Amino acid sequence: MTAYRYDYEVITQWIEHGEKVLDLGCGDGDLLKHLIQVRQVQGYGVENDPIKLQASVRNGINVIQMDLEKGLVGLEDGFFDHVIMSLSLQAIHNTQGILREMLRVANEAVISFPNFGYWRHRQSILNGRMPVSDSLPHQWYNTPNVRFFTIADFDALCEMNGIAVRERLGFDEGKLILDEPNFLASVAVYRLGRAD
Amino acid sequence: MIQAQSVGVVTAQRADFNTPLKLRSGGQLDQYHLVFETYGTLNAARSNAVLVCHALSGSHHLAGRYADEAHNIGWWDNLIGPGKPLDTRKFFVIGVNNLGSCYGSSGPNQMNPSTGKLWGADFPFVTVEDWVESQARLADQLGIERFAAVIGGSLGGMQALSWSLQFPERVGHVAVIAAAPKLTAQNIAFNEVARQAILTDPDFHGGHYYEHGVVPARGLKLARMVGHITYLSDDAMAEKFGRSLRHGRNTYSYDVEFEIESYLRHQGDKFAGYFDANTYLLTTKALDYYDPAFEYGGHLPAALARATADFLVVSFTTDWRFSPERSREIVYGLLHNRRNVSYAEIDCPTGHDSFLLDETRYHALLSAWFDRIEV
């Protein structure tokens, strides 16, 4: 994760002072800790891995154990200002379900994910091997990722599900990619809302 | 990190109270006493005290052993001690025996000061809130204005939760483990079966069995057997006993055949040998009555709005007596009040009793939580 801290900076820019923030797949709670320090948010993390959960507790971060595949049952509609999912969406089977749940419990969702369409990944496939990179660090046989998608794929899914893409930023090696992000960006960060 | 150690030899203490305690039942205790134990040292700022609340059959004897009873180890000895998750080098830990118990505090088997006889069935009904009130008075006597933490499992977890509602300014952190914001109908039903077993025992004598020189041992045994089934998980029982037969074959009798029968009878007999039936009745009623949301029209988040502590809520996946769903109600109730709360659902096979065991991830979590409490 540490290689992609720059997505934290983008996320932080979208969060306002004192907001209620939910971070899905919060790991050791570093992002929330950062948001508490610089934005004084009331933050809650969600984590299902007991070791990471314990790390969040040790970090002094509120963390709730929950299986994201089952949605966000128990959380009130619109309670949060922002719900964040940093580099975890690709590891969840129930993609549409969790997106719906995120936009149910929060007014706005912030999502980052590794772009499978990144040119190096394409090159790797052309060479006959599954991509392994900074943004996709695992081998095919041990990856926690279960969904492999590109920026273009995600845009189409949002369109199909009535999700408004309010902002979309592509990055490669920490640099903002303005042209051809689906080809040149290894990671994408989205700001999403309900298109109603 | 030092090697985890025992707190060693401990001694129970006693505190007497002469200010009447008004009870939720409408009754009153004019005079009463509490027995308690402490471990570690209260710091100069009096800011490192942790109160541990006990469950149905627990007591103030949390850790260590008595000089004259080497085998009588405290019930949460695996959690409390130097180098243990609740580290007595950092914290001053207090265990209080609840009113109505049979382990030395004012209760049915203690003398009623107004009659000079044992209380027996005349001991008034006590509730979780009454216990918390009495614990607060003990804290006053000990010069503890505010607890760094209050922690408890099961019925003890209800007391910890109640502390955060009755005395929000007097507790910094609260750990509610394997508990519930109220019992379900099914849970009350199990308690009722247990009580009926005691109440219908011919040796019960309306609760005044002490005067008859007998104890309702059969009723108490049955009560414990029913309870014990609910404290274990189906899987744990299958794993431990399965359908194992004592004699390797069916004997077509009502003697012990299946090993689970042997186990339950043994647990029941053992319990009936040391526990008090009146205490069992009173304590199960306290469990049944607990429902902080009742006066808020059943709306738990409204009831929890008073709480200000930092919470840790823990449940166990195979606990069906106090299921994870009930713990989540507390968690979401606190979260929707913007309170600090963390929640862990420990994946382990041992049912409700898990909260007493030293399951690695459970204890590691408690260590992490206690470590970050500043005193």
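Described below are features of the structure shown in this document. (Residues numbered from 1 in each chain as written. Chains lettered and ligands numbered in written order. Predicted model: local features only at pLDDT ≥ 70, side-chain atom pairs only at ≥ 80, totals over all residues. Heavy atoms only, no water.)

**A word on the overall build of chain B**
- A tally of regular secondary structure across chain B gives 10 helices and 14 strands.
- Over its C-alpha atoms chain B spans a radius of gyration of 20 Å, differing by no more than 12% from the 21 Å that the globule rule assigns to 375 residues.
- Judged by the C-alpha coordinates and their principal axes, chain B covers about 65 × 50 × 50 Å.
- Contacts in chain B between residues at least 24 apart in sequence constitute 71% of all its contacts with a sequence separation of at least 6.
- As displayed, chain B offers around 15400 Å² of accessible surface, 51% of which is attributable to carbon and sulfur atoms. (Helix = DSSP H or I, 4+ residues; strand = E, 2+ residues; numbered from the N terminus. Rg over C-alpha atoms; globule rule 2.2 N^0.38 Å. Contact = heavy atoms within 4.5 Å. Areas by Shrake-Rupley, 256 points an atom, 1.4 Å probe, with all protein chains shown as cover.)

**Re the pairing of strand 14 (residues 341-346) of chain B**
Residues and elements named next belong to chain B.
- Strand 14 sits mainly inside the fold: six of its six residues count as buried.
- Taking every second residue as pointing to the same face, both faces of strand 14 are buried, with V341, Y343 and E345 on one and S342, A344 and I346 on the other.
- Relative to strand 14, strand 13 (residues 310-316) runs parallel, the two being bridged by six bridges. Each residue of the ladder has a partner; that of V314, found in strand 14, is A344.
- On the question of chirality, the crossover connecting strand 13 to the parallel strand 14 by way of helix 9 (residues 324-335) is right-handed. (Buried < 20%, exposed > 50% of the residue type's maximum accessible area, 1.4 Å probe, protein only. Pairing = 2+ DSSP bridges. Right-handed = clockwise from strand over helix to strand, strands pointing away.)

**Overview of helix 2 (residues 155-166) of chain B**
All names here are of chain B.
- In this model helix 2 runs 16 Å from its N-terminal to its C-terminal C-alpha over 12 residues, within 8% of the 16 Å that 1.5 Å per residue would give.
- Within helix 2, 11 of the 12 residues are buried, which leaves it mostly tucked inside the rest of the structure.
- Those residues of helix 2 that fall on the buried side of the exposure criterion are L155, G156, G157, M158, Q159, A160, L161, S162, W163, S164 and L165. (Expected span 1.5 Å × (residues − 1).)

**Here we look at the packing of aromatic side chains**
- Counted by the stated rule, this structure contains 29 aromatic pairs over all chains.
- Here Y44(A) and F80(A) contribute two aromatic rings whose centre-to-centre distance is 6.2 Å and whose plane-to-plane angle is 75 degrees, an arrangement assigned as edge-to-face. Highlighted residues: Y44(A) in strand 2 (residues 42-47) and F80(A) in strand 4 (residues 80-86), separated in sequence by 36 residues.
- When its relative accessible area of 0% is taken as the criterion, F80(A) is described as buried.
- Judged by centre distance (6.2 Å) and plane angle (90 degrees), the ring pair of F275(B) and Y280(B) falls under edge-to-face. Each of the two residues, F275(B) as well as Y280(B), counts as buried.
- Aromatic ring contacts, followed pair by pair, group Y103(B), F271(B), Y274(B), F275(B) and Y280(B) into a single cluster.
- A cation over an aromatic ring shows up here: K20(A) above the ring of F79(A), its NZ or CZ 4.4 Å from the ring centre.
- Seen from the ring of F167(B), R170(B) lies directly overhead, with NZ or CZ sitting 5.8 Å from the centre. (Phe/Tyr/Trp six-rings, centres within 6.5 Å; stacked < 30°, edge-to-face > 60°. Lys NZ or Arg CZ within 6 Å of the ring centre and 35° of its normal.)

**Let's talk about a nonpolar patch on the surface**
All names here are of chain A.
- Residues I125, M130, W140 and Y141 make up a contiguous nonpolar surface patch of roughly 510 Å² in combined accessible area.
- With respect to the element layout, W140 can be found in the loop between helix 5 (119-126) and helix 6 (151-160).
- Take W140: its relative accessible area is 63%, and that puts it in the exposed class. (Patch = residues over 30% accessible without salt bridge, like charges linked within 9 Å, V, L, I, M, F, W, Y side chains within 5 Å. Salt bridge = Lys/Arg side-chain N within 4 Å of Asp/Glu carboxyl O.)

**Here we look at unusual backbone geometry**
Residues and elements named next belong to chain B.
- At R46, a position not held by glycine, the phi torsion is positive, near 55 degrees.
- As for its placement among the helices and strands, R46 is situated in the loop between strand 4 (32-39) and strand 5 (49-53).
- Under the relative-accessibility criterion, R46 is labelled partly exposed at 40%.
- Positive phi is not limited to glycine here, since R338 has a value of about 60 degrees.
- Of note, R338 is situated in the loop between helix 9 and strand 14.

**Brief notes about the environment of L32(A)**
Residues and elements named next belong to chain A.
- With respect to the element layout, L32 can be found in helix 2 (residues 30-39).
- On the basis of relative accessible area, L32 is assigned to the buried category, the value being 0%.
- When the C-alpha atoms of L32 and N59 are compared, they prove to be 9.9 Å apart, with 27 residues separating the residues in sequence.
- If we skip the residues at most four places from it in the chain, L32 touches V21, D23, G43, Y44, G45, I61 and N62.

**Here's the deal with the interface of chain A and chain B**
- Each partner contributes residues to the interface: chain A has 23 residues there, and chain B has 20 residues.
- A combined buried area of about 2000 Å² lies between chain A and chain B, and 56% of that area is made up of carbon and sulfur atoms.
- The three residues of chain A that bury the most area against chain B are V57(A), R58(A) and Q65(A), which together make up 26% of that side's buried surface.
- There are one salt bridge connecting chain A and chain B.
- Close ionic contact of R58(A) with D371(B) constitutes a salt bridge, the shortest N to O distance being 2.9 Å.
- Applying the counting criterion to the chain A and chain B interface returns 14 residue pairs in polar contact (both at pLDDT 80 or more).
- Of all elements in the fold, only strand 2, helix 3 (50-58) and strand 3 (63-65) of chain A reach the threshold of two or more residues within the side of chain A that touches chain B.
- Examining the composition of the side of chain A that touches chain B, we find that six residues originate from one element, helix 3 of chain A, more than from any other.
- When the residues that make up the side of chain A that touches chain B are grouped by side-chain class, the tally is 13 nonpolar, seven polar and three charged. (Buried area = accessible area lost by both parts, 1.4 Å probe. Polar contact = N/O pair within 3.5 Å; in protein donor to acceptor, adjacent residues only side chain to side chain. Nonpolar A, V, L, I, M, F, W, Y, C, P; charged D, E, K, R; others polar.)

**Re the packing of helix 3 (residues 185-199) of chain B against helix 7 (residues 277-289) of chain B**
Residues and elements named next belong to chain B.
- Look at helix 3 against helix 7: their axes get within 10 Å of each other, and the N-to-C directions meet at 160 degrees. Taken together, the axis directions place helix 3 and helix 7 in an arrangement best described as roughly antiparallel. Between helix 3 and helix 7 lies a crossing whose hand is left-handed. Facing helix 3, whose interface residues are I188, N191, A194, R195, I198 and L199, helix 7 presents A277, Y280, L281, T284, K285, L287 and D288. (Axes fitted to C-alpha atoms, helices over the stretch in contact; angles between N-to-C directions. Parallel < 35°, antiparallel > 145°, perpendicular 65-115°, else oblique. Left-handed = near helix turned anticlockwise from the far one by under 90°.)

**Some remarks on the side chain of E108(A)**
- Residue position: E108(A) is located in strand 5 (residues 106-114).
- The residues touching E108(A), leaving out its near neighbours within four places in the chain, are D81(A), H82(A), V83(A), L103(A), R166(A), R191(A) and L192(A).

**Re the environment of I198(B)**
All names here are of chain B.
- Note on placement: I198 falls in helix 3.
- Among the residues examined, I198 registers a relative accessible area of 0% and is labelled buried.
- When residues no more than four places from it in sequence are discounted, the contact partners of I198 are F204, P216, G219, L220, A223, A277, Y280 and L281.

**What about the side chain of H336(B)?**
- Looking at the element boundaries, H336(B) is found in the loop between helix 9 and strand 14.
- Within the structure, H336(B) has its side chain in polar contact with the backbone nitrogen of E76(A) (distance 3.0 Å).
- Beyond its immediate stretch of four places on either side in the chain, H336(B) contacts G74(A), L75(A), E76(A) and F79(A).

**Let's talk about the pairing of strand 8 (residues 187-194) of chain A**
All names here are of chain A.
- A large share of strand 8 lies buried, amounting to seven of its eight residues.
- Sheet topology places strand 5 next to strand 8; six bridges connect them, and they run antiparallel. Across the sheet, the residue bridging to I111 is Y190, located in strand 8.
- With eight bridges joining them, strand 6 (residues 163-172) and strand 8 adopt antiparallel strand pairing. Its bridge partner being in strand 8, A164 is matched across the sheet by G193.

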